[in-house]
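Summary of structural features
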Amino acid sequence: MILSVASGKGGTGKTTVATALALSMGQDVQLLDCDVEEPNAHIFIRAEMDRSIRVCTPVPEIDKDKCDFCGKCQEVCAFNAIAVLKEDVLVFRELCHGCGSCSFLCPRGAIREVDKEIGCVEMGTLKIGARDTLRFVHGKLDVGQAMSPPLIRAVKEYQDNTSSVIIDVPPGTSCPAIEAMRGSDFCLLVTEPTPFGLYDLTLAVEALRKLGIPFGVIVNRSGLGDAEVEDYCRKESIPILMRIPFKREIAVAYSEGISIIEAMPEYRAEFRRLFEDIRTG
Amino acid sequence: MKQLVVISGKGGTGKTVLTASFAALAESSVVADCDVDAADLHLLLQPTVIEKHIFAAGKCARIDQTLCDQCGECVDRCRFDAISEDFVVDPISCEGCAFCHFVCPTGAIEMQERTSGEWFVSETRFGPMVHAQLGIAEENSGKLVSVVRQKAKEMAEAGKHDWVIVDGAPGIGCPVIASLSGADCALVVTEPTLSGLHDADRVIGVARHFNVPVKLLVNKYDLNIEMTAEIEGYCEMNNVPFIGRIAFDESVVKAMVEGKTIVEFSDGRAKEEVVNVWRELRASI
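Residues numbered from 1 in each chain as written. Chains lettered and ligands numbered in written order. Predicted model: local features only at pLDDT ≥ 70, side-chain atom pairs only at ≥ 80, totals over all residues.

All right, on to the overall build of chain A then. A count of helical and extended segments in chain A gives 11 helices and 11 strands. Referenced to the eigenvectors of the C-alpha coordinate spread, the extents of chain A come out at roughly 70 × 45 × 35 Å. Taken over 281 residues, chain A has a buried fraction of 51%. Across chain A, every contact between residues at least 6 apart in sequence was considered, and the portion connecting residues at least 24 apart equals 73%. (Helix = DSSP H or I, 4+ residues; strand = E, 2+ residues; numbered from the N terminus. Buried ≥ 20, exposed ≤ 12 C-beta atoms within 10 Å, placed from the backbone. Contact = placed C-beta atoms within 7 Å.)

On to the interface of chain A and chain B. Residue-level contacts link 49 residues of chain A with 48 residues of chain B. Only α4 (101–105), α6 (175–181), α7 (195–211) and α9 (248–255) of chain A provide two or more residues apiece to the side of chain A that touches chain B. Top contributing element to the side of chain A that touches chain B by residue count: α7(A), with 8 residues.

What follows deals with the sheet that holds strand β3 (residues 48–63) of chain B. Residues and elements named next belong to chain B. Taken in spatial order, the 9 strands make up an open sheet running β3-β4-β5-β2-β6-β1-β7-β8-β9, and their pairing is mixed. Looking at the sheet topology across the chains shown, the edges are occupied by β3 and β9 (242–246). Neighbour to neighbour, the strand axes of the sheet diverge by 20° on average, direction disregarded. Examined bridge by bridge, strand β7 (residues 185–190) and strand β8 (residues 214–219) share 5 bridges and lie parallel to one another. Residue pairing across strands places Thr-190 opposite Val-218, the latter belonging to β8. The strands that helix α5 (residues 141–158) touches are β1 (2–7), β2 (29–33), β3, β4 (109–124), β5 (127–134) and β6 (163–167); relative to β5, the one it contacts most, it runs at about 170°. (Pairing = 2+ DSSP bridges. Axes fitted to C-alpha atoms, helices over the stretch in contact; angles between N-to-C directions.)

On to the domain arrangement of chain B, then. All names here are of chain B. Split into domains, chain B comes out as domain 1 (2–46 + 125–284) and domain 2 (57–115). Of note, the centres of domain 1 and domain 2, computed from C-alpha atoms alone, are 40 Å apart. With 5 residues of domain 1 in contact, the opposing surface of domain 2 contributes 4 residues. Each residue belonging to the side of domain 1 that touches domain 2 can be placed in one class, and the counts come to 1 nonpolar, 2 polar and 2 charged. (Domains from an automatic or database assignment. Nonpolar A, V, L, I, M, F, W, Y, C, P; charged D, E, K, R; others polar.)

This brings us to the environment of Ala32(B). All names here are of chain B. Considering the arrangement of structural elements, one finds Ala-32 in strand β2. Taking the C-alpha atoms as reference, Ala-32 lies 5.7 Å from His-131; in sequence the two are 99 residues apart. In this structure Ala-32 touches Val-130, Val-148, Arg-149, Ala-152, Val-164 and Val-166, once residues within four positions along its chain are discounted.

Residue and element names in this part refer to chain B. Interhelical geometry of helix α1 (residues 15–25) versus helix α11 (residues 269–284) gives an angle of 70° and a closest axis separation of 10 Å. In terms of orientation, α1 lies roughly perpendicular with respect to α11. The two elements α1 and α11 meet at a crossing, and its hand is right-handed. On the side of α1, the interface is formed by Leu-18, Ser-21, Phe-22 and Leu-25, while α11 contributes Val-274, Val-275 and Trp-278. Residues belonging to the contact of α1 with α11 are distributed by class as follows: 6 nonpolar, 1 polar and no charged. (Parallel < 35°, antiparallel > 145°, perpendicular 65-115°, else oblique. Left-handed = near helix turned anticlockwise from the far one by under 90°.)

Residue and element names in this part refer to chain B. For β8, the buried fraction is high: 6 of the 6 residues fall into the buried class. With burial as the criterion, each face of β8 is covered, one bearing Val-214, Leu-216 and Val-218 and the other bearing Lys-215, Leu-217 and Asn-219. Handedness of the crossover joining β7 and β8 through helix α7 (residues 194–209): right-handed. (Right-handed = clockwise from strand over helix to strand, strands pointing away.)

Residue and element names in this part refer to chain A. Strand order in the open sheet formed by 9 strands is β3-β6-β7-β2-β8-β1-β9-β10-β11, with mixed pairing between adjacent strands. Looking at strand neighbours, the two that pair on one side only are β3 (48–62) and β11 (240–245), the edges of this open sheet. Each strand axis lies, on average, 20° off the axis of its neighbour in the sheet, ignoring direction. Here 4 bridges tie strand β1 (residues 2–6) to strand β8 (residues 164–168), and the two strands are oriented parallel to one another. The partner of Val-5 across the bridge, within β8, is Asp-168. In the packing of helix α5 (residues 149–156) onto the sheet, the strands contacted are β2 (29–33), β3, β6 (111–128) and β7 (132–141), and the crossing angle to β7 comes to about 160°.

Next up on the list: the environment of Ile118(A). Residue and element names in this part refer to chain A. In this fold, Ile-118 is placed in strand β6. Taking the C-alpha atoms as reference points, Ile-118 and Leu-141, 23 residues apart in sequence, are found 6.1 Å from one another. Excluding residues that lie within four positions of it along the chain, Ile-118 makes contacts with Val-55, Cys-56, Thr-57, Leu-141, Asp-142, Gln-145, Met-147, Pro-150 and Leu-151.

Here we come to unusual backbone geometry. For residues besides glycine, phi is generally negative; the peptide bonds are generally trans as well. All names here are of chain A. We note that Arg-46 has phi near 45°; this positive angle belongs to a residue other than glycine. For Arg-46, the position within the fold is in the loop between α2 (41–45) and β3. Owing to 12 C-beta atoms within 10 Å, Arg-46 belongs among the exposed residues under this scheme. In the Ramachandran plot, Arg-221 falls in the positive-phi region, its phi being about 55° despite a non-glycine side chain. Within the secondary structure, Arg-221 sits in strand β10 (residues 215–222). Its 22 C-beta neighbours within 10 Å are what place Arg-221 among the buried residues.

With that settled, the discussion passes to helix α11 (residues 266–279) of chain A. All names here are of chain A. Its 14 residues place the ends of α11 21 Å apart at the C-alpha level, agreeing with the 20 Å of an ideal helix rising 1.5 Å per residue. Residues Tyr-267, Phe-271, Leu-274, Phe-275 and Ile-278 constitute the buried set of α11. Along the axis of α11, the buried positions cluster into a sector of 95°, meaning they face one direction only. Among the exposed residues of α11, those oriented more than 90 degrees off its buried face are Glu-266, Ala-269, Glu-276 and Arg-279. Where the residues of α11 are buried, they touch β1, α1 (14–24), β9 (186–191), β11 and α10 (260–263). Directly after α11, the chain includes Gly-281, whose backbone phi takes a positive value near 70°. (Expected span 1.5 Å × (residues − 1). Arc of directions from axis to C-beta.)

All names here are of chain B. If you trace the backbone, Lys-2 turns up in strand β1. Separated by 161 residues in the primary sequence, Lys-2 and Trp-163 have C-alpha atoms spaced 4.9 Å apart. Each residue touching Lys-2, except ones within four places of it in the same chain, is listed here: Asp-162, Trp-163, Asp-184 and Ile-285.

Structure below.
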C-alpha cells in the first residue's frame, strides 16, 4: 500500500498527518519525505540517520578543442541552456533539464555530460513499538537549486513496495507535487476549513482526478473558519476520512516538534484505524 | 519604486494575508500574486479581470501512429519515461526536450505547443493586480512567475506607483527564485515552530544567494513565546533584521471568510501589529 499525503495549500498539516500515520503504524513502514524544498518530517520522526547520498543531475560540458561552434547544441536545447558564440559556448547549468539531447546529437562528439550536485538523500531508521521498524528517507534540495523533481525521483528510488509506504508530498499541484504523488494507491488530501483551504483543495482534487489516484480528505483545524469545505466534499462525493479539531495544545506540540500522537495518545488508534480503512478499501 | 516580495519557506504561515494587508495599506502599489501554483490572493482582493492572457511555455511530444514504425529509439532516449511501450506520450511526464523528435528515424514525432496556464491584469479596490493560474500538473511555474513579476514592474513604472508588492510561493525552488529576482527586500513570514524556523533558515539562504536583502517577522507569535524568542535569537546571530511579531487572532480567519483583509475587517490586536509592521517596512526599505 502506497499512501501519499498531499494538499494544495501549504501549512495545512500534511507533515503532521504523514508522520502520525507512520508513527502509529502497527507494522513495518517506510516514510518518504518528498517535500525536498522544505523537508520537515525528520523533526517529528527523529530517526537515527545513517546514510547520506549526494544526488546529481547531468549537465553538458563542452570540449572546446573538438567543438567547431556549429550551433547544433543550441538549436536542439529546448531550455535555452546553451548559447553558441563565434568561438565560445556558454552553458547555463541552472536552466539545463538534463535531457541529454545536446551530447547525443553533437556531430563532433564534443559534449560530455558531467554531474551537477543538486542535493542529497538521507535515510535512517526508528523502532516503533516492540518489534516494528520505521524506515525513513528524505531529500534535501541544496539552497540555490531551482529544480526539485529530479531529487524527488531520487528519493522515490528508495521506495520499497514490499512494505507499507507513506509519502509526504510537497504543496501545490505542479511538477514537484505530481512527481511525488504519482504511483500512489491512495492519496490523503489535508485541508483546513477556510476559503484558502477550499480553493487549493479544489485544485488538488483536479490534479488527482487527472492522475486517476483515489483520494479522501482530512479536515485539519476543524471548527475554525466556515462550512464550505464540508459542503464541497458532500457535493463532490469526496469522503472526509478524519477531522482534527482546532486545539491550541495540538498547535503547541507541533511547534515543538512533538507528534500529535505523542501529545494526544488517543490519536494513535485513530490514525491506525484510518490506515486500515484505506488499506481495506 | 520599491519591490517587496513576501516569502516563507514553509506554507501556511500567513504570507498571503499579510501581502493583502500591505496592498491595502500602501498608498500606491501594484500587487502581484506569484504563488501561481496555489494562488489565493484573489480570494481577499477580489480582482476584476481586465486582461486575460494565455501562458504557453514549453512543448509536448506527439507521435503520429501512421508514421511510427515502432523502432523504440524514442523510448530508449527519453530520460523522463514519458513514452509508453505502445508509443503513446504521457503529457504529464513529457518534459518537452524534443530529444525523441530529433532521433525519430521516420519523423513521426511532432513537438506541439502546450498551454500551461493563464495570467491576468486586474483592478482591485487597492489598485492594479497581476496574477496567474498555472494549469493542473503543468510545468514552467518559474517562467510564469517571471511573466507576472515583469508585468507588475512595468505597470508600476508606467503608473508611477511607489510599490510592487509580491506574494511569493512556498518552498525554495524555481517559483521562489523567480519571484525574488530584482527585489529590494524579501520579507520572510514565519511562525514560532521548529518547522517554521527550519524552513525560514533555508529560504533566507536562497534570498541571500541571490543577493536580496531579507527581513523576518513571526506570525502567530503567541502560539509559542519561547520559540518566538528562539527565532529572534536566530535573527540576531545571522544578522537578519527582525521586523515584528503578530499575534494569533481568530479575526484573521473571519476576515478571510468574508473576503477581506485584516486591516479592513477588525480593530483587533493583529490589525494594529500589521499596521506597525507596514510602517516599519515602509521606513526601512
